[in-house]
Amino acid sequence: MLSSSTWFAYEKGQIGEEECYSKLALEYNASAGDIRATLLGARKSLHPNHKFLSFIQSLRLKYQDLRIFAMSNIAVGDYDAIRDVLDSWNIFDGIYVSCNEGERKPHLGFYRSVISSTDVRPQETIFVDDKLENVLSARSVGLCGVVFDSCEAVIRKIGNLLGDPVKRGKAFLEANREALESVTKSGIVVRENFAQLLILEVTNDPSLVNLQSYPGAWNFFRDEGVSEGNFPLDLDTTSLAYSIMKYDEETVARVMDEMLKYMDVDGIIQTYFDHTRPRIDPVVCTNVLTLFHSQNRGDELDKTFDWVYEVLQNRAYLDGTRYYWTAECFLYFLMRLLQVALKPSGPDAVNPKITDLHELLKKRTAERVGVPGDSLALAMRLVVCKYFGIEDHVDMEVLRDLQCEDGGWEIGWVYKYGSSGVGIGNRGFTTALAVEALK
């Protein structure tokens, strides 16, 4: 009934209320009185979405130059019933209703009329509607259309469209300084060093992080209850720490010499400073290689390098690795290796192995553009794309949409416990890297 041409004519002000009820009664073989009673009852049942209304009012206060308009398909009787309520909200710079305009959504004429009357720039104007067909028409005339599927989703979308994602992301990090802890997929807080080191590297801001430093090899965990006693010191965290933190050359050389004692029979560097736990992982290997190349000692791990190259060449990383959650983790840490190895003053600048790795990584990164992923996977991918000069507008738009109301990004999964596969993520690192990707 509400999708009939008669009702549409009523909403456009072409026929009156009683004529509408009479025509509908004939079309649907019903009593005009019953139709009137039903529609008046529906009118009385309408209630505002107070959460969304409060959000719009907050935008008024936050953005002084923001203009807000209402554009509605509504019959004159219904509009008269709510006009005073709309005026009392004091949030609209103009209200455009179908009964006055003689047009209704999704007809293009209605949109063009409002655009002309308000003198807005369509590309700088957000249009929100709960009907996809109305949003589609809005987009077709250049407006930024948003489907109202849920209040929370729309609030996030509008906030992301209006706000500066980089400034909001930095504000989140500053508001949560020294509290950017990792969390498992089951919600358990993990106080560890690795993500803290990554945040430090991306932001160059020591005040954001909590670290438990070591004079030699490092442990992944900070809490004593789960550190040395139960979990051995590892080459992964140690390599990251010595790549980022400042240590004297003698200490760095001593730790690297110790690392070389932990290779398997194939010459692949292992994960732990513990011969009873023989584990290998290509991302761990990459991080150890980054440390060795930063000290011009990369040739001491040739077999490890060759294996990492084979993993990349044969796309063995696509489902993640033993300790790392996504393909993007491997690509991101390989980029870090190249950033160190390809320094113009270093001996690797003309190393054919390194230049081959550079070209292959660029190809493998381009293959990932547009592949679905969580916030961290997208941020990692975009950072690597930026390094290679690869355009990736699709993933950038998706990443922007994933920014939360508080300015941070949804948690992205970095690594996992090797035995159980339980994922560990960190909103701080995800947000720091997303900010870096969107700069």
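Predicted model, so just to flag it, every value in this text is computed and none were measured.

## Some remarks on the overall build of the protein chain
A count of helices and strands for the protein chain gives 20 helices and eight strands. Taken against the 2.2 N^0.38 rule, which gives 22 Å for 439 residues, the C-alpha radius of gyration of the protein chain at 29 Å runs more than 25% over that of a compact globule. With the C-alpha coordinates of the protein chain rotated into their principal frame, the extents come out at 90 × 45 × 45 Å. Out of the 439 residues belonging to the protein chain, those deemed buried represent 48%. Separation of charge centres in the protein chain, based on 47 positive and 63 negative side chains, amounts to 2 Å.

## What to know about the pattern of salt bridges
One pass over the full model with this rule turns up 27 salt bridges. Here Asp-401 and Lys-157 are joined by a salt bridge, their closest N and O atoms 2.7 Å apart. Note that Asp-401 is positioned in helix α19 (residues 393–401) and Lys-157 in helix α9 (residues 151–162), a separation of 244 residues in sequence. Here Asp-401 falls in the partly exposed class, since its relative accessible area comes to 31%. With a closest N to O distance of 2.6 Å, Glu-300 and Arg-297 form a salt bridge. Residue classification places Arg-297 among the buried residues on the basis of a relative accessible area of 15%. Each of the salt bridges in this network shares a partner with another, and the network as a whole consists of Glu-328, Arg-368, Arg-381 and Asp-395.

## Describing helix α2 (residues 17–28)
Compared with an ideal rise of 1.5 Å per residue, which puts 12 residues at 16 Å, α2 spans 16 Å between its outermost C-alpha atoms and is within 8% of the ideal. Along α2, the positions that sit buried rather than exposed are Cys-20, Tyr-21, Leu-24 and Ala-25. Down the axis of α2, the buried set is contained in an arc of 135°. They therefore lie on one face. In this structure, the buried side of α2 is in contact with α1 (5–11) and α3 (32–44). At the C-terminal side of α2, Asn-29 shows a positive phi close to 50°.

## What to know about the pairing of strand β7 (residues 413–416)
Two elements, β7 and strand β8 (residues 423–425), share three bridges in a ladder whose sense is antiparallel. Looking at the pairing, Trp-413 lines up with Gly-425 of β8. Taken together, β7 and the strand that follows it, β8, pair antiparallel across an intervening segment of six residues, in which Gly-421 is found at a positive phi of about 75°.

## Concerning the environment of Lys-362
Its location among the elements puts Lys-362 in helix α17 (residues 352–367). When residues no more than four places from it in sequence are discounted, the contact partners of Lys-362 are Phe-388 and Ile-390.

## Some thoughts on the packing of aromatic side chains
Taken as a whole and assessed by the stated rule, the structure comprises 24 aromatic pairs. Arranged with centres 5.7 Å apart and planes meeting at 85°, the rings of Phe-231 and Tyr-272 form a pair that is edge-to-face. Of this pair, Phe-231 sits in the loop between α11 (194–203) and α12 (235–244) while Tyr-272 sits in the loop between α13 (249–259) and α14 (282–294), and the two are 41 residues apart along the sequence. With respect to class, Phe-231 is no different from Tyr-272; both count as buried. In this structure an aromatic cluster arises from ring pairing among Phe-194, Phe-220, Phe-221, Phe-231, Tyr-272, Tyr-323, Tyr-324, Tyr-332, Phe-333, Tyr-415, Tyr-417 and Phe-429. One residue, Arg-104, lies across the ring of Phe-8, its end atom 3.7 Å from the ring centre. Looking at Arg-277, its charged tip hangs above the ring of Tyr-272, at a distance of 5.9 Å from the centre.

## Some points on the environment of Arg-112
Relative to the helices and strands, Arg-112 is located in helix α7 (residues 108–118). Put simply, Arg-112 and Pro-48 are 64 residues apart on the chain and 27 Å apart in space, counted from C-alpha to C-alpha.

## Thoughts on unusual backbone geometry
Residue Pro-106 follows Lys-105 across a cis peptide bond; omega there is 10°. For Asn-296, which is not glycine, the phi torsion reads 60° and is therefore positive. Its place among the elements puts Asn-296 in the loop between α14 and α15 (302–313). Assessed through its relative accessible area of 52%, Asn-296 is described here as exposed. You will see that Arg-315, though not glycine, has its phi angle at about 55°, which is positive.

## Some details on a nonpolar patch on the surface
A cluster of nonpolar residues, Met-1, Leu-2 and Tyr-28, forms a patch on the protein surface that exposes about 270 Å² of accessible area. When its relative accessible area of 39% is taken as the criterion, Tyr-28 is described as partly exposed.

## Side note on the packing of α12 against α14
Their axes nearest at 8 Å, the elements α12 and α14 cross at an angle of 35°. Between α12 and α14 lies a crossing of left-handed hand. Here Leu-235, Asp-236, Ser-239, Tyr-242 and Ser-243 of α12 come into contact with α14, specifically with Val-283, Val-284, Asn-287, Val-288, Thr-290 and Leu-291. Residue composition of the contact of α12 with α14, grouped by class: six nonpolar, four polar and one charged.

## Digging into helix α18 (residues 375–388)
For α18, spanning 14 residues, the distance from its first C-alpha to its last is 20 Å, which sits close to the expected 20 Å at 1.5 Å a residue. Taken across its 14 residues, α18 has 12 buried, putting it largely inside the fold. Buried residues of α18: Ser-375, Leu-376, Ala-377, Leu-378, Ala-379, Met-380, Arg-381, Leu-382, Val-383, Val-384, Cys-385 and Phe-388, and no others. Buried residues along α18 sit in contact with α16 (327–341), α17, α19, β7 and α20 (427–438). For α18, the N-terminal cap is Asp-374; the gap from its side-chain oxygen to the backbone nitrogen of Leu-376 is 3.1 Å. Among the residues trailing α18, Gly-389 stands out with phi positive, at a value near 75°.

Cut-off values and rules
Residues numbered from 1 in each chain as written. Predicted model: local features only at pLDDT ≥ 70, side-chain atom pairs only at ≥ 80, totals over all residues. Heavy atoms only, no water. Helix = DSSP H or I, 4+ residues; strand = E, 2+ residues; numbered from the N terminus. Rg over C-alpha atoms; globule rule 2.2 N^0.38 Å. Buried < 20%, exposed > 50% of the residue type's maximum accessible area, 1.4 Å probe, protein only. Lys, Arg positive; Asp, Glu negative; His and termini not counted. Charge placed at Lys NZ, Arg CZ, Asp CG, Glu CD. Salt bridge = Lys/Arg side-chain N within 4 Å of Asp/Glu carboxyl O. Expected span 1.5 Å × (residues − 1). Arc of directions from axis to C-beta. Contact = heavy atoms within 4.5 Å. Pairing = 2+ DSSP bridges. Phe/Tyr/Trp six-rings, centres within 6.5 Å; stacked < 30°, edge-to-face > 60°. Lys NZ or Arg CZ within 6 Å of the ring centre and 35° of its normal. Patch = residues over 30% accessible without salt bridge, like charges linked within 9 Å, V, L, I, M, F, W, Y side chains within 5 Å. Areas by Shrake-Rupley, 256 points an atom, 1.4 Å probe, with all protein chains shown as cover. Axes fitted to C-alpha atoms, helices over the stretch in contact; angles between N-to-C directions. Left-handed = near helix turned anticlockwise from the far one by under 90°. Nonpolar A, V, L, I, M, F, W, Y, C, P; charged D, E, K, R; others polar. Polar contact = N/O pair within 3.5 Å; in protein donor to acceptor, adjacent residues only side chain to side chain.

Function-wise, these values are silent; they only describe arrangement.
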